[in-house]
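Structural description and commentary
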Amino acid sequence: MNTNKVIQVKELTKVFGDFTAVNAITFDVEKGEIFGFLGANGAGKTTAMKMLIGISNPTSGKATVAGFDVFTNAEDIKKNIGYMSQKFALYDDLTVKENITFFGGIYGLSRKRIKEKAAILIKELGLENVANKLVGSLPLGWKQKLSFSVSLIHDPKIVFLDEPTGGVDPITRRQFWELIYKASHQGITVFVTTHYMDEAEYCDRVSIMVNGKIEALDTPKKLKEQFKVDTMNDVFLKLARG
Amino acid sequence: MSIKIANISKSYKKVNALKNISFEVKSGELFGLIGPDGAGKTTLFRILTTLLIANEGVASVAGFDVITDYKSIRKNVGYMPGKFSLYQDLTVEENLDFFATIFGTTIEENYDLIKDIYIQIEPFKNRRAGKLSGGMKQKLALCCALIHKPKVLFLDEPTTGVDPVSRKEFWEMLKRLQQKGITILVSTPYMDEAALCDRIALIQGGKILEIDTPAAIVKHYLKPIYNVSANNMYQLVNSLKAYEYNHSVYPFGEFVHYTDRRSDFNPAELKVYLESKKLSNITIEKTVATIEDTFMELAK
Ligand SMILES: Nc1ncnc2c1ncn2[C@@H]1O[C@H](COP(=O)(O)OP(=O)(O)OP(=O)(O)O)[C@@H](O)[C@H]1O
Ligand SMILES: [Mg+2]
């Protein structure tokens, strides 16, 4: 196995009843890469991501994530990756600090480590003034940045982000991407979905799913060349309605 | 005037969600409310749809007062709240049917209004709403808000989570609804959508920063903006942010939008600086401001 390929997926498939949501997708992601996982609504992104993070059993195919098999080692995957779901993942009725402590506990960090981590996170995100406020009272963009940092609390090798910037304002969206760049710079692999096509440009490589299949996969630059257009938005428009 | 808002203020326990807001939306206008999360957009929607009562000020929708005539408003407006109002255990079709029934109409009667969006989820009409993808739910919620052919349509972030192709189709549909005489007040975090409105209000911290046509708002941006690109985006952003003369540095797809604090800014000088930071393939070209630039400058 090539150890630089932290995600290896072969013909991965998910069927619900008689509906194939993910249809034999095949791709690899390299260590430290920012991999954009794009596609139209209902294309199968969230479904595929859930299989990769070990919370949904594939119907068929193969996949390893951080060296672990999604069929046989789902538990190990969960411990070694971070995940931010499409719906907000923190507890609104806990404070910022309590959320960090709670999730640190879930990942089995020691009390001492949790304390250290909490202090670092709060400082890095500039949340000192709201550390004891309920998360529910924070603006969406702050929540999303916090949620991202919490998903990294156990120092995972890979982080999966499902539409982390949906509905976030332009300035905070850019700050969020700075966090992504920073993580990637530290060697963390970032697997991210988005419907913002300017964000697709910030990815090292991008795949585009249509009706359960990956129809294109390359760097943003090469995709634009391939489809002879100037923007990722146009690449998407060309592909998504088949 | 289809919507009149005069001196509306609303505060929750400690926060002032809306501070003395006034504006009017003309009949048949497509009006955008643009602002970050927490700006007060949803509070305003809730006041206009009679779900919340303002502390001060008056407002009317389609000629009806939001306090004294709230029943008429409810019959005549469509509202798509930002958070889903769908019944998760009903199927797609049952949800739509439910909303049609409570407004005393049928899916067939107003089908042409929702057709463009509905055909995209129709193949899944027997699926429970809870099992739809995020964007598919959004499309269904919109159909539900439209099914009784409202005079005024309130859309709170209708395209959040909606893919680019569907967003485009969605806005084409809004334009068609507008031609049918429906007044639309829409909020969106997508700045490219703001450009498609007749007029927009930029709102932040419960206050209106500006109200005008998108074209006029963009003209208010006075600083020259430069598109900068180089071989490495992350280093480019970091280097520009470390440059002592920068006024603003914002990534914009494959470019970074850069403005300088000096009036006699010389791009060649910036290039030399970036080269000293080991960047290559540097380009610096003047570009025009977008709504997004204007918004970020105002929100700074
Ligand atoms: N538990 C389920 N049972 C039946 N169908 C499902 C289930 N979960 C997902 N689906 C269907 O699988 C398809 C893919 O859904 P998925 O959530 O993966 O899409 P997505 O690409 O994440 O879309 P979005 O961009 O809107 O979030 C959709 O048609 C959805 O309705
Ligand atoms: Mg999804």
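The coordinates are above.
I will try to describe carefully the structure that is included in this document. Nothing here was measured: the structure is a model prediction, and the numbers come from that model. (Residues numbered from 1 in each chain as written. Chains lettered and ligands numbered in written order. Predicted model: local features only at pLDDT ≥ 70, side-chain atom pairs only at ≥ 80, totals over all residues. Heavy atoms only, no water.)

**Things to note about the overall build of chain A**
Helix and strand counts for chain A stand at nine helices and 10 strands. In terms of overall dimensions, chain A is globule-like: its C-alpha atoms have a radius of gyration of 18 Å, near the 18 Å expected for 242 residues. Principal axes of the C-alpha set define a box for chain A whose edges measure 50 × 40 × 35 Å. Put simply, chain A has 242 residues, and 55% of those count as buried. By element, 49% of the accessible surface of chain A is carried by carbon and sulfur atoms, the whole surface being about 10600 Å². Across chain A, the mean location of the 32 positive side-chain charges is 3 Å away from that of the 28 negative side-chain charges. (Helix = DSSP H or I, 4+ residues; strand = E, 2+ residues; numbered from the N terminus. Rg over C-alpha atoms; globule rule 2.2 N^0.38 Å. Buried < 20%, exposed > 50% of the residue type's maximum accessible area, 1.4 Å probe, protein only. Areas by Shrake-Rupley, 256 points an atom, 1.4 Å probe, with all protein chains shown as cover. Lys, Arg positive; Asp, Glu negative; His and termini not counted. Charge placed at Lys NZ, Arg CZ, Asp CG, Glu CD.)

**Considering the overall build of chain B**
Of the regular secondary structure elements, chain B holds 11 helices and 14 strands. With respect to the three principal axes, the spread of C-alpha positions in chain B is 70 × 45 × 35 Å. By the burial criterion, 53% of the 300 residues in chain B qualify as buried. Of the contacts formed within chain B by residues at least 6 apart in sequence, a portion of 67% connects residues at least 24 apart. In the structure as shown, chain B presents an accessible area of about 13500 Å², 51% of it carried by carbon and sulfur atoms. (Contact = heavy atoms within 4.5 Å.)

**Focus: the pattern of salt bridges**
One pass over the structure, following the stated rule, counts 26 salt bridges over all chains. Between D155 of chain A and R113 of chain A there is a salt bridge, and its shortest N-O distance comes to 3.6 Å. Of the two residues, D155 of chain A is situated in the loop between α5 (140-151) and β7 (158-162) and R113 of chain A in helix α4 (residues 111-124); the sequence distance between them amounts to 42 residues. What makes R113 of chain A partly exposed here is its relative accessible area of 31%. A salt bridge links E292 of chain B to R174 of chain A, with the nearest nitrogen and oxygen atoms 2.9 Å apart. Residue E292 of chain B is located in helix α11 (residues 291-299), and its partner R174 of chain A is located in helix α6 (residues 170-185); the two belong to separate chains. Both residues of the pair, E292 of chain B and R174 of chain A, count as buried. (Salt bridge = Lys/Arg side-chain N within 4 Å of Asp/Glu carboxyl O.)

**A word on the packing of helix α4 (residues 111-121) of chain B against helix α5 (residues 134-146) of chain B**
Residues and elements named next belong to chain B. One way to put it is that α4 packs onto α5 with a least axis distance of 9 Å and a crossing angle of 150 degrees. Put simply, α4 runs roughly antiparallel to α5. Once α4 is placed against α5, the crossing between them reads as left-handed. When α4 is examined against α5, the residues L113, I114, I117, Y118, Q120 and I121 are found in contact with a partner set consisting of M136, K139, L140, L142, C143 and L146. When its residues are assigned to classes, the contact of α4 with α5 shows 10 nonpolar, one polar and one charged. (Axes fitted to C-alpha atoms, helices over the stretch in contact; angles between N-to-C directions. Parallel < 35°, antiparallel > 145°, perpendicular 65-115°, else oblique. Left-handed = near helix turned anticlockwise from the far one by under 90°. Nonpolar A, V, L, I, M, F, W, Y, C, P; charged D, E, K, R; others polar.)

**Points about the site of ligand 1**
What surrounds ligand 1 is a group of 21 residues, the closest being K45, T46 and T47 of chain A together with R127 and S133 of chain B. Proximal residues around ligand 1 fall on chains A and B, making this an inter-chain site. Residue N41 of chain A places a side-chain N or O atom 3.0 Å away from an oxygen atom belonging to ligand 1. T46 of chain A has a polar side-chain atom sitting 2.7 Å from an oxygen atom of ligand 1. (Near = heavy atom within 4 Å. Polar contact = N/O pair within 3.5 Å; in protein donor to acceptor, adjacent residues only side chain to side chain.)

**Examining the environment of P36 of chain B**
Tracing the sequence through the fold places P36 of chain B in the loop between β3 (30-34) and α1 (41-48). By relative accessible area, P36 of chain B is classed as buried at 9%. Remark: the alpha-carbon pair of P36 of chain B and S85 of chain B, spanning 49 residues in sequence, is separated by 22 Å. Non-local contacts of P36 of chain B, meaning those with residues more than four positions away in its chain, are made with D169 of chain A together with K41, I203, Q204 and F295 of chain B.

**Let's talk about the sheet that holds strand β11 (residues 225-229) of chain B**
Strands in a sheet are paired, the pairing made by backbone hydrogen bonds, and the direction either parallel or antiparallel. Residue and element names in this part refer to chain B. The strand order β12-β13-β11-β14 describes an open sheet built from four strands, whose pairing is antiparallel. At either margin of the open sheet sits one strand with a lone partner, and together these are β12 (246-252) and β14 (283-287). Across the sheet, the mean angle from the axis of one strand to that of its neighbour is 30 degrees, orientation sign disregarded. Pairing of β11 with strand β13 (residues 255-260), which is carried by three bridges, proceeds in the antiparallel orientation. Looking at β13, one finds that N227 is bridged to H257. Relative to β12, helix α9 (residues 233-242) is tilted by about 165 degrees, and along the sheet it contacts β11, β12 and β13. (Pairing = 2+ DSSP bridges.)

**Some remarks on the state of the cysteines**
Enumeration over the complete set of coordinates arrives at zero disulfides over all chains. No disulfide involves C143 of chain B; its nearest neighbouring cysteine sulfur is the one of C144 of chain B, lying 6.8 Å away. (Disulfide = S-S within 2.5 Å.)

**What to know about the environment of F64 of chain B**
Looking at the element boundaries, F64 of chain B is found in strand β5 (residues 64-65). The sequence separation of F64 of chain B and N76 of chain B amounts to 12 residues, and the corresponding C-alpha distance is 9.6 Å.

**Thoughts on the packing of α5 of chain B against helix α6 (residues 164-179) of chain B**
Each pair of packed helices can be summarised by the angle the axes make with each other and by the distance between the axes. All names here are of chain B. Running from N to C, α5 and α6 cross one another at 10 degrees; their axes reach a closest spacing of 13 Å. Here α5 lies roughly parallel to α6, going by the angle between them. Facing K139, L142 and L146 of α5, the residues of α6 in contact are S166, F170, M173 and L177. Partitioning the contact of α5 with α6 into residue classes produces five nonpolar, one polar and one charged.

**Quick word on the nonpolar core**
Counting residues in hydrophobic clusters, the biggest one holds 69 residues, and the most contacted among them are I100, L146, F148 and L161 of chain A together with L240, L270 and L274 of chain B. For this core, the leading source of residues is α6 of chain A, giving six residues. Once residues lying within four places of it in the same chain are set aside, the contact partners of L274 of chain B are V228, L236, S239, L240, L279 and I282 of chain B. (Core = buried A, V, L, I, M, F, W, Y, C linked by side-chain atoms within 4.5 Å.)

**Quick word on the sheet that holds strand β10 (residues 207-212) of chain B**
All names here are of chain B. Pairing within the open sheet is mixed, and its six strands lie in the order β6-β7-β8-β3-β9-β10. At either end of the open sheet lies a strand with only one pairing partner, and these are β6 (77-80) and β10. If you compare each strand with its neighbour and ignore which way they point, the axes differ by 15 degrees on average. Looking at chain direction, strand β9 (residues 199-204) and β10 are connected through five bridges and run antiparallel.

Any functional reading would require information beyond the geometric quantities listed.
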